[in-house]
Amino acid sequence: MSFGETPITVIGNLTADPELKFTESGAALAKFTVAATPRTYDRESGQWKDGNATFFRCAAWRQLAEHAADSLTKGARVVAHGRIRQHDWKTDQGENRSMLVMEVDEIGASVRFTTVTINAKPVKGAPTGGGEPWPTGPASSTQKGDEPPF
């Protein structure tokens with residue numbers, strides 16, 4: 001993320017399955033909308049009440065786009081993190097238009113109300129073999145006692 005960008009994290013539900021497209025150069029693009037709806041508890045009625053939903057139009061690129069399209073479906077509760085981008089254009093009639101889009105850097109299923117199964121996929125260009133970045137096995141010979149190494 002560059003200096004001056006507006007970071008945002010949105011928690012909500014997908015309004016439809018992610019739409020996966022490819023640019024002319026072959027880059028994957030997933031477009032989807034996340035609806036964030038606040039809920040409040042009404043003590044008088046003893047019921048939860050939904051507030052006004054805010055709809056965030058989102059875009060994910062490349063491998064993230066492909067994984068989102070393969071993994072997420074309409075109604076899925078997600079946690080999405082990224083930045084706000086403004087897109088400006090002119091219509092065929094010469095009218096100026098503007099739209100805010102959340103460019104997603106990370107997205108995942110929320111496990112607050114459900115469980116998920118994670119299926120790791122190999123990452124192109126990532127190192128293979130040779131151990132884990134954060135080993136969970138026995139302590140190394142330089143580690144003292146039961147304290148974690150960090």
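For the structure, see preceding data.
Notes on the structure in this doc start here. Please read these numbers as outputs of a predicted model, since none were measured by experiment. (Residues numbered from 1 in each chain as written. Predicted model: local features only at pLDDT ≥ 70, side-chain atom pairs only at ≥ 80, totals over all residues. Heavy atoms only, no water.)

Some words on the overall build of the protein
Across its full length, the protein holds one helix and eight strands. Each helix and strand of the protein, ordered N terminal to C terminal, gives the series β-β-β-β-β-β-α-β-β. Buried positions account for 21% of the 150 residues belonging to the protein. When the accessible surface of the protein is summed, it comes to about 11,800 Å², and 51% of that surface belongs to carbon and sulfur atoms. (Helix = DSSP H or I, 4+ residues; strand = E, 2+ residues; numbered from the N terminus. Buried < 20%, exposed > 50% of the residue type's maximum accessible area, 1.4 Å probe, protein only. Areas by Shrake-Rupley, 256 points an atom, 1.4 Å probe, with all protein chains shown as cover.)

Topic: the nonpolar core
Across soluble globular proteins, you tend to see nonpolar side chains buried next to one another. Core analysis: the biggest nonpolar cluster contains 18 residues, and Phe32, Val34, Met102, Val104 and Ile107 have the highest contact counts within it. Secondary structure elements with two or more residues in this core: strand S1 (6–14), strand S3 (28–36), strand S6 (54–61), helix H1 (62–71), strand S7 (77–90) and strand S8 (96–109). For Ile107, the residues in contact, after removing those within four places along its chain, are Phe32, Leu64, Ala68, Leu72, Val78, Val79 and Ala80. (Core = buried A, V, L, I, M, F, W, Y, C linked by side-chain atoms within 4.5 Å. Contact = heavy atoms within 4.5 Å.)

Description of the pattern of salt bridges
If you walk through the whole model with that rule in mind, you get eight salt bridges. A salt bridge links Arg85 to Glu5; the shortest N-O distance between them is 2.4 Å. In this pair, Arg85 sits in strand S7 while Glu5 sits in the segment before S1, placing the two residues 80 residues apart along the sequence. Here Asp50 and Arg39 are joined by a salt bridge, their closest N and O atoms 2.7 Å apart. (Salt bridge = Lys/Arg side-chain N within 4 Å of Asp/Glu carboxyl O.)

A closer look at unusual backbone geometry
Although it is not a glycine, Arg62 sits at a positive phi angle of roughly 55 degrees. Structurally, Arg62 can be placed in helix H1.

Let's talk about the pairing of strand S5 (residues 47–50)
Here strand S4 (residues 39–42) pairs with S5 via four bridges, running antiparallel. Looking at S5, one finds that Thr40 is bridged to Lys49. Counting the residues that bridge the hairpin from S4 to S5 gives four residues, and of these Gly46 lies at a positive phi of roughly 70 degrees. (Pairing = 2+ DSSP bridges.)

Some remarks on the environment of Gln63
Position of Gln63 relative to the elements: it lies in helix H1. It is 8.9 Å that separates the C-alpha atoms of Gln63 and Leu29, two residues lying 34 residues apart in sequence.

Here we look at a nonpolar patch on the surface
On the surface, Val111, Val116 and Ile118 cluster together into a nonpolar patch covering about 320 Å² of accessible area. Judged by its relative accessible area of 55%, Val111 is exposed. (Patch = residues over 30% accessible without salt bridge, like charges linked within 9 Å, V, L, I, M, F, W, Y side chains within 5 Å.)

Let's talk about the side chain of Ser110
Within the element layout of this structure, Ser110 appears in the segment after S8. Of the polar contacts made by the side chain of Ser110, one reaches the backbone nitrogen of Arg112; its length is 3.3 Å. Apart from the residues lying within four places of it in its own chain, the contact partners of Ser110 are Arg77, Val78 and Val79. (Polar contact = N/O pair within 3.5 Å; in protein donor to acceptor, adjacent residues only side chain to side chain.)

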